Structures are given as C-alpha cells and as structure tokens.
Amino acid sequence: MSASLLNVQGATVQFGGLVAVDKVDIEVPAGEIHGVIGPNGAGKTTFFNALSGLVTLSSGSIEFDGTDITSAPPYDRAKLGIRRTFQAVQLIPQFTVLENVMIGLHDRIAEQHWRTLFSWSGRSRAEEQAQEQVLEVLSFLSMQDTLFRRPAELTFAQQRYVEIARALVSRPRLLMLDEPAAGLSPAEVDSINQLLRKLRTEWGMTIVLVEHVLSLVLDVSDRVTVLDRGAVISRGSSEHVAADPQVKAAYLGDEHA
C-alpha cells in the first residue's frame, strides 16, 4: 500500500454546543479514491470544509504528505496541491469556459501577467503555458469544444465538468470532490464514474469523494468512511460498509436494517 498522503486524526468541529464532526480519523494513501458517505446531517460537508480549510478544527489534526496543515488557510493548502469542487456549481457567468478554468491557475501565474491572461494570443510564456494546461485538461474531459462558451450555454453536466476542470488544471496532488454527481442523470453519473477511474489510473490522482449517490461511491472507491451524527460508524472496503448493519441502520432506521 502507498504511504498515506492525507492523515486526519481526531478531527472534531464544534459549533457552540453542537458537535458537527466528532473525533474522525481518516487515512488516504496516495493514488486511491476514498469515499465519504452518510445520511443527511451526518457531518460530511462540515468535515469536507475542515479538510479544505474553510472550517477550523476544534481539536484534532490534519497532515498532508507529512506536513501539519491543521491551521493552514485554504490558499496555503492549495499551494501544497489540494484542490476542491463545491456541491453548488460556482462558475462566473460572464466568463468563458477558458476563463473559468484559468482561475484554477491563479496562484501559479505572476500578478503582472493576470490582466493579459484571457488574451488567446498570449503575451508571455507563462500565459501560453496556462492556456495549454487549460486545453489539456478540457481535452481530457472531452470538453475542448466549449472553450469560448459561457456557463449559460452549457448543460448542467457540462457546468459540473468545468468546475472539475478548474480544480484539475493545476494537477493537484489531492482532488476533493463535493457531490459531483448531484443533479445528474444515471448516464451522466456513469460518466463521472469513468472519469474518476481515468484520473486514478492515468493521472495517479488521489481523490476524496463526498457523495449522496451511493452506487457511485461504492463502485469507484478503494475505501469508504461512513459518518453518522458526526462520528465514524464504519470504514473499509465498499463490500464491508455495504454489509455493515450499522450503516444500514443509519440509512434505513433500525427497524428496517
């Protein structure tokens, strides 16, 4: 097994008297897809936000490739190679796909070049390289034909892919996906499944996936952590957690489990 890229120990998030995340431990080896599931109110989003630095831990620690990032702000985590998407698509409507994806490279481009980034002719090698990276990731996603379209001209599924492209364009070491299948048809969910597999096999991508579509998570994940009321109730292979009575009880209620 590969060494753990992400190591979370005792992660706890408390809002006043409410414990939203309760002593959660997770280890994610490099090159694996780790699914995080749980019923509504399980604490998945809060935990995800804590990993990306949007929420501060009340106690516990987060290490990324051996570096303690427990108190690091989101932009420092991004510099280390951690990128995320959001459950609600967050594209800038007046920007083209090129421009929206280019935002994912903001920390790699010198400030003096920013004003000329969106000129396709390119005025510097840094800008040309940025545009080449955008083309590469859009081609990988079979989205190259959307380069100069705006979000309103895209399907909802295509908007999802643009958001994923923005997270991918910097070639992150850890990709965090927050419900990428939300609102998609079964065929589109299958496409997300295939994309995640390609990212793992062809790019060696390490992925943390929070998702309500259980069929996707259980099919594509190497390991799964199940949260309920902020705490871990099960972890292991998809087969293990799917058969766990505690997981069935959390989703269906004790009387149906």
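Before any of the text, the structure's been laid out above.
Starting from 1, residues in each chain are numbered consecutively following that chain's sequence as written. Whole-chain, interface and lining totals are the exception, using all residues; otherwise, since this is a predicted model, local features are given only for residues with pLDDT of at least 70 and side-chain atom pairs are given and counted only at 80 or more. Excluded from the side-chain calculation are hydrogens and water; included are all heavy atoms of the structure.

A.B. asks: Quick rundown of the overall build of the protein chain? Include the residues and the values.
C.D. replies: Scanning the protein chain from N- to C-terminus turns up nine helices and 10 strands. For the protein chain, the C-alpha atoms occupy an extent of roughly 65 × 40 × 35 Å along the three principal directions. Note on exposure labels: buried denotes an accessible area under 20% of the residue type's maximum, exposed denotes more than 50%, and partly exposed covers the range between, all computed with a 1.4 Å probe on protein chains only. Split into buried and exposed, the 257 residues of the protein chain put 51% on the buried side. A contact between two residues is defined here by any heavy atoms of the two lying within 4.5 Å. Across the protein chain, contacts joining residues at least 24 apart in sequence account for 65% of those joining residues at least 6 apart. All accessible-area figures derive from a Shrake-Rupley calculation using a 1.4 Å probe, and residue coverage is judged against the displayed protein chains alone. Element-wise, carbon and sulfur atoms account for 49% of the exposed surface of the protein chain, whose accessible area totals about 11900 Å². As used throughout, the charge tally considers Lys and Arg to be positive and Asp and Glu to be negative, leaving His and the chain termini uncounted. To locate a charge, take atom NZ for lysine, CZ for arginine, CG for aspartate or CD for glutamate. Placing the 23 positive and 31 negative side-chain charges of the protein chain at their respective mean positions leaves the two points 4 Å apart. Numbering goes from the N terminus for both helices and strands, where a helix is a DSSP run of H or I of at least four residues and a strand is a run of E of at least two.

A.B. asks: How would you explain the side chain of R200 if you had to name every residue and give the values?
C.D. replies: Here R200 lies in helix 6 (residues 186-202). Identification of polar contacts relies on pairs of N or O atoms within 3.5 Å, with a donor-acceptor requirement for protein atoms, meaning one able to donate a hydrogen and the other able to accept it, and with residues adjacent in sequence counted only if both atoms are side-chain atoms. Here V220 takes part through its backbone oxygen, which lies 3.2 Å from a polar atom of the side chain of R200. When residues no more than four places from it in sequence are discounted, the contact partners of R200 are G31, I33, M205, V220 and D222.

A.B. asks: If you had to explain the packing of aromatic side chains to someone new, which residues and values would you point to?
C.D. replies: We call Phe, Tyr and Trp rings a pair once their centres come within 6.5 Å, taking the six-membered ring for Trp, and we label the pair stacked below 30 degrees between planes, edge-to-face above 60, and tilted otherwise. Across all of its chains, the model carries one aromatic pair by this definition. The rule for a charge over a ring is simple: NZ of Lys or CZ of Arg within 6 Å of the ring centre, and within 35 degrees of the ring normal. Looking at R171, its charged tip hangs above the ring of W203, at a distance of 3.6 Å from the centre. Over the face of the ring belonging to F140 we find K198, whose NZ or CZ atom lies 4.4 Å from the ring centre.

A.B. asks: Now, about the sheet that holds strand 5 (residues 67-68): what can you tell me, with residues and values included?
C.D. replies: What links the strands of a sheet is backbone hydrogen bonding, and the strands pair in either a parallel or an antiparallel sense. Taken together, four strands build an open sheet; the order of strands is 2-1-4-5 and the sheet is antiparallel. A single partner strand is all that each edge strand has here, and the edge strands are strand 2 (18-29) and strand 5. Note: two strands are recorded as paired if DSSP finds a minimum of 2 bridges between them. Pairing between strand 1 (residues 4-15) and strand 4 (residues 59-64): five bridges, direction antiparallel. Paired with V8 across the two strands is I62, which belongs to strand 4.

A.B. asks: Hey, could you go over unusual backbone geometry for me, with residue numbers and the actual values?
C.D. replies: For E179, which is not glycine, the phi dihedral falls at a positive 50°. Secondary-structure assignment places E179 in the loop between strand 7 (174-178) and helix 6. Within the chain, R229 stands out as a residue other than glycine whose phi angle is a positive 55°. Counting through the fold element by element, R229 comes out in the loop between strand 9 (223-228) and strand 10 (231-236). Owing to a relative accessible area of 71%, R229 belongs among the exposed residues under this scheme.

A.B. asks: Hey, could you go over the packing of helix 5 (residues 156-168) against helix 6 for me, with residue numbers and the actual values?
C.D. replies: At their nearest, the axes of helix 5 and helix 6 sit 11 Å apart, and the two run at 15° to each other. Here helix 5 is positioned roughly parallel relative to helix 6, judged by the angle of their axes. The way helix 5 lies across helix 6 gives a crossing that is right-handed. Only E188, S191, I192, L195 and L199 of helix 6 make contact with helix 5, whose side of the interface consists of A157, Y161, I164 and L168. As a working rule, the residues Ala, Val, Leu, Ile, Met, Phe, Trp, Tyr, Cys and Pro are called nonpolar, Asp, Glu, Lys and Arg charged, and the rest polar, with Gly in that last group. Along the lines of polarity and charge, the residues of the contact of helix 5 with helix 6 split into seven nonpolar, one polar and one charged. Only the stretch in contact is used when fitting a helix axis, every axis being a line fitted to C-alpha atoms; angles between N-to-C directions are given from 0 to 180 degrees. In this scheme, roughly parallel covers angles under 35 degrees and roughly antiparallel covers those over 145, while 65 to 115 is roughly perpendicular and the rest are oblique. For any pair of crossing helices, the crossing counts as left-handed if the nearer helix is rotated counterclockwise from the farther one by less than a right angle, and right-handed if it is rotated clockwise.

A.B. asks: Tell me about the pattern of salt bridges, residues and numbers included.
C.D. replies: For salt bridges, the criterion is a side-chain nitrogen of Lys or Arg within 4 Å of an Asp or Glu carboxyl oxygen. According to the stated counting rule, one finds eight salt bridges in the structure shown. Here R223 makes a salt bridge to E32, at a shortest N to O gap of 3.6 Å. Residue R223 is located in strand 9, and its partner E32 is located in the loop between strand 2 and strand 3 (33-37); the two are separated by 191 residues in the primary sequence.

A.B. asks: Provide a residue-level description of the sheet that holds strand 10, including the pertinent values.
C.D. replies: Pairing is mixed across the open sheet formed by six strands, whose spatial order is 6-7-8-3-9-10. The strands lining the two open edges of the sheet, one partner per strand, are strand 6 (82-84) and strand 10. Between one strand axis and the next, the sheet turns through 15° on average, direction left out of account. Direction of pairing for strand 9 relative to strand 10: antiparallel, over a ladder of five bridges. Bridge pairing links L227 to V232 in strand 10. Against the sheet, helix 6 touches strand 3, strand 7 and strand 8 (206-210), its axis set at about 155° to strand 8. Docked against the sheet, helix 9 (residues 245-252) engages strand 3, strand 9 and strand 10, running at close to 130° with respect to strand 10.

A.B. asks: Go over the environment of A152, please, and point to the residues and values.
C.D. replies: You can see A152 is positioned in the loop between helix 4 (125-140) and helix 5. Given a relative accessible area of 77%, A152 falls into the exposed group. In this structure, the C-alpha to C-alpha distance between A152 and L91, residues 61 residues apart in sequence, is 9.9 Å.

A.B. asks: Which residues make up the pairing of strand 2, and what are the values?
C.D. replies: Along a regular strand, successive side chains alternate from one face of the sheet to the other. Note that strand 1 and strand 2 share eight bridges and pair antiparallel. From the neighbouring strand, N7 faces strand 2, where its bridge partner is E27. What sits between the antiparallel neighbours strand 1 and strand 2 is a turn of two residues, in which G16 has the positive phi angle 65°.

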